[in-house]
Amino acid sequence: MIPLTVAEIAEITGAAGDCGADLAAVVSGPVVIDSRQAEPGSLFAALPGTRADGHEFAPQAVAAGAAAVLATRPAGVPALIVPDVPAALAALAQAVTARLPGLTIAAITGSAGKTTAKDLTAQLVESLGTTVSPRASFNNEIGHPLTVLRVTEQTRYLIAEMSARGPGHITALCAMSPPGLGAVLCVGHAHAGVFGSIDDVARAKGELPAALPADGVAVLNRDDQRVLAMAERTAARVVTFGRSPGADVRAADVGLDDAGRPGFTLITQAGAAPVRLQLHGEHNVANALAAAALAGQLGMDLEAVAAGLSAATARSRWRMEVTHRPDGVTVINDAYNANPEAVAAALSALATMARGGRAFAVLGHMTELGDQADGLHEQAGRQAARAGLAGLVVVGEEAAPMLDGAKADPSWHGELVHVPDAAAAAAAVAERVGRGDVVLVKASRAANLQRVALALTGEMPL
Ligand SMILES: Nc1ncnc2c1ncn2[C@@H]1O[C@H](COP(=O)(O)OP(=O)(O)OP(=O)(O)O)[C@@H](O)[C@H]1O
Ligand SMILES: [Mg+2]
């Protein structure tokens, strides 16, 4: 963080009265919510957690050197008392970005692919100057300000991931760190149950282009009508990406290698250059194009973008993470999260990767789909059938409609297995797979199926 005195932090956050804190002390960061990460000069923000209350750990943070504590009630050590700690973090983030006019902020949103596109963009932009980007999926009202507060005077670029679980969320994130560039990847069914409908999802994602200034750049997916329509909602210049012929940043000649990694020709106004991604699955082409468009707008030339994309790796785990076991079985751990579009994308990557062997999928339920949940699970089952699987292992009751979908599809020829939990799923797969086979493990985070994948790769016993 840029250095701020405790007095400045008190003023920015509206902390109440005399708190016993040393107002002249300087906080130079990092801002942490886990006392174990506190170090000299840190700011410790006490949050009520689901398992433990951060207030109880404030003394530990101070013992580790934290220069100040933000809390909602006395925490046994001098603390700045605020009504709402996330709101205080937001105010701090806003104040910090306001003091850094030389910082360029690019934000990415969409129903799927945000972390991947953010990681790709960061890997490109790092070659242009010092870059801060979120760890993992730090994309909400807590994670985003924590990311913003990692910025220093040396930082030239902030590549942010913005998520929305309701209207107004992205507007709030943009207020903390007004982006000059904003990319929208896609509008899908993720969290549609929470929002109401897919059009409500589109409205919420559209808050990012709507927040951009007239001299900013809105990077929009030309292949997604709901995203392209956001051109109407922005004052910024629009740059489109996609496979459509009219896209400003375009992929042509898309193909997958034997490991399911996409290659394509990247075409922009500046010309064409070949890209071979290290990431698995055709859906990553769109994520790469969004990254290419953002980096191009930040001044990176086409050859450097193409080379950078070809060298970029998956920084965040459990997204199409491929492990080749010594016995010839390949495990794809895509258990980080799932929604209908992501399941379709993963199944199509699985089908490509299993050419020459058998394909198995372990699928768990997708959360937050509202009253469309059963129909969308059935649809996933049909997609599994069309992917030509040798076996589909469906985990848990909520995912059961997938079995009906697979059975109802005339192309289904494989074996259907319904199991209650992760342990049974891992056992069912272990009994069936052999050399040359590929197993995909995918579900929403709540289903906890990464345990199946980690058991299959031998990384962790169940
Ligand atoms: N463009 C895409 N279209 C469909 N599915 C995608 C796309 N990009 C990624 N996915 C799927 O979504 C999963 C999550 O990817 P990623 O973590 O990049 O998304 P995210 O938007 O950051 O998710 P979250 O909302 O959980 O933060 C991937 O494992 C992949 O299966
Ligand atoms: Mg994410």
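Our subject is the structure that appears above.
Residues numbered from 1 in each chain as written. Chains lettered and ligands numbered in written order. Predicted model: local features only at pLDDT ≥ 70, side-chain atom pairs only at ≥ 80, totals over all residues. Heavy atoms only, no water.

Undergrad: What am I meant to see in the nonpolar core here?
TA: Here is a general trend for soluble globular proteins: nonpolar side chains tend to be buried in one another's company. Residues Met-1, Ile-9, Leu-43, Leu-70, Leu-80 and Leu-89 are the most contacted members of the largest nonpolar core, which totals 59 residues. A per-element tally of this core places helix H3 (residues 85-98) first, with 7 residues. Leave out the neighbours within four places in its chain, and Leu-70 touches Thr-13, Leu-43, Phe-44, Ala-45, Ala-46, Leu-80, Val-82, Val-85, Ala-88, Leu-89 and Leu-92. Grouped together as the second largest cluster of nonpolar side chains are 40 residues, Leu-120, Phe-264, Leu-294 and Val-305 included. (Core = buried A, V, L, I, M, F, W, Y, C linked by side-chain atoms within 4.5 Å. Buried < 20%, exposed > 50% of the residue type's maximum accessible area, 1.4 Å probe, protein only. Helix = DSSP H or I, 4+ residues; strand = E, 2+ residues; numbered from the N terminus. Contact = heavy atoms within 4.5 Å.)

Undergrad: Please clarify how the coordination of the magnesium ion (ligand 2) should be interpreted in this entry.
TA: For a metal with four donors in a tetrahedral arrangement, the ideal angle between donors is 109.5 degrees, while six donors in an octahedron ideally sit at 90 or 180 degrees. Donor atoms from the polypeptide that bind the magnesium ion (ligand 2) are Thr-115 (OG1), Ser-137 (OG) and Glu-161 (OE), placed at 2.0 to 2.1 Å. Site description for the magnesium ion (ligand 2): donor spacing in sequence, T-x21-S-x23-E. Separated by 22 residues along the polypeptide, Thr-115 in helix H4 (residues 114-125) and Ser-137 in the loop between strand E8 (131-132) and helix H5 (143-148) bring together distant segments of the chain. In this structure, Thr-115 and Ser-137 share a single accessibility class: buried. (Donors = N, O, S within 2.8 Å, 3.2 Å for Na, K, Ca; no water.)

Undergrad: Is there a simple way to think about the environment of Ala-210 in this case?
TA: Note that Ala-210 resides in helix H9 (residues 207-211). Judged by its relative accessible area of 38%, Ala-210 falls in the partly exposed class. C-alpha of Ala-210 to C-alpha of Glu-232: the two residues are 22 residues apart in sequence and 8.8 Å apart in space.

Undergrad: What is the right way to read the packing of aromatic side chains from this model?
TA: Both the distance between ring centres and the angle between the ring planes are used here to describe each pair of aromatic rings. Applying the stated criterion across every chain yields a total of 0 aromatic pairs. A cation over an aromatic ring shows up here: Arg-319 above the ring of Tyr-336, its NZ or CZ 3.6 Å from the ring centre. (Phe/Tyr/Trp six-rings, centres within 6.5 Å; stacked < 30°, edge-to-face > 60°. Lys NZ or Arg CZ within 6 Å of the ring centre and 35° of its normal.)

Undergrad: How should helix H15 (residues 401-408) be read in this particular structure?
TA: Because an α-helix packs 3.6 residues into every turn, residues spaced three or four apart end up facing the same way. Those residues of H15 lying buried are Pro-401, Met-402, Leu-403, Gly-405 and Ala-406. Where the residues of H15 are buried, they touch strand E18 (359-363), helix H14 (373-386), strand E19 (391-395) and strand E20 (415-419).

Undergrad: What's the story with the packing of helix H1 (residues 6-13) against H3 in this structure? I'm lost.
TA: The description of two helices packed together rests on the angle between their axes and the distance between the axes. Two elements in contact, H1 and H3, have axes whose closest approach is 9 Å; the angle formed by their N-to-C orientations is 110 degrees. In terms of axis orientation, H1 runs roughly perpendicular to H3. The way H1 lies across H3 gives a crossing that is right-handed. For the pair H1 and H3, the contacting residues are Ile-9, Ile-12 and Thr-13 in the first and Ala-88, Ala-91, Leu-92 and Ala-95 in the second. A per-class count over the contact of H1 with H3 returns 6 nonpolar, 1 polar and no charged. (Axes fitted to C-alpha atoms, helices over the stretch in contact; angles between N-to-C directions. Parallel < 35°, antiparallel > 145°, perpendicular 65-115°, else oblique. Left-handed = near helix turned anticlockwise from the far one by under 90°. Nonpolar A, V, L, I, M, F, W, Y, C, P; charged D, E, K, R; others polar.)

Undergrad: Teacher, can you tell me more about the site of ligand 1 here?
TA: Contacts to ligand 1 come from 18 residues, most closely from Lys-114, Thr-115, Thr-116, Arg-319 and Asp-334. In this structure, an oxygen atom belonging to ligand 1 sits 2.5 Å away from a side-chain N or O atom of Thr-116. The side chain of Glu-161 places a nitrogen or oxygen atom 3.1 Å from an oxygen atom of ligand 1. Contact with the protein chains removes 92% of the 630 Å² of surface that ligand 1 exposes when unbound. When contributions to the shell around ligand 1 are tallied by element, the ones reaching two or more residues are H4 and helix H13 (340-353). Ranked by residues supplied to the shell around ligand 1, first place goes to H4 with 3 residues. Of the residues belonging to the shell around ligand 1, the class tally is 3 nonpolar, 8 polar and 7 charged. (Near = heavy atom within 4 Å. Polar contact = N/O pair within 3.5 Å; in protein donor to acceptor, adjacent residues only side chain to side chain. Areas by Shrake-Rupley, 256 points an atom, 1.4 Å probe, with all protein chains shown as cover.)

Any functional reading would require information that these geometric values do not contain.
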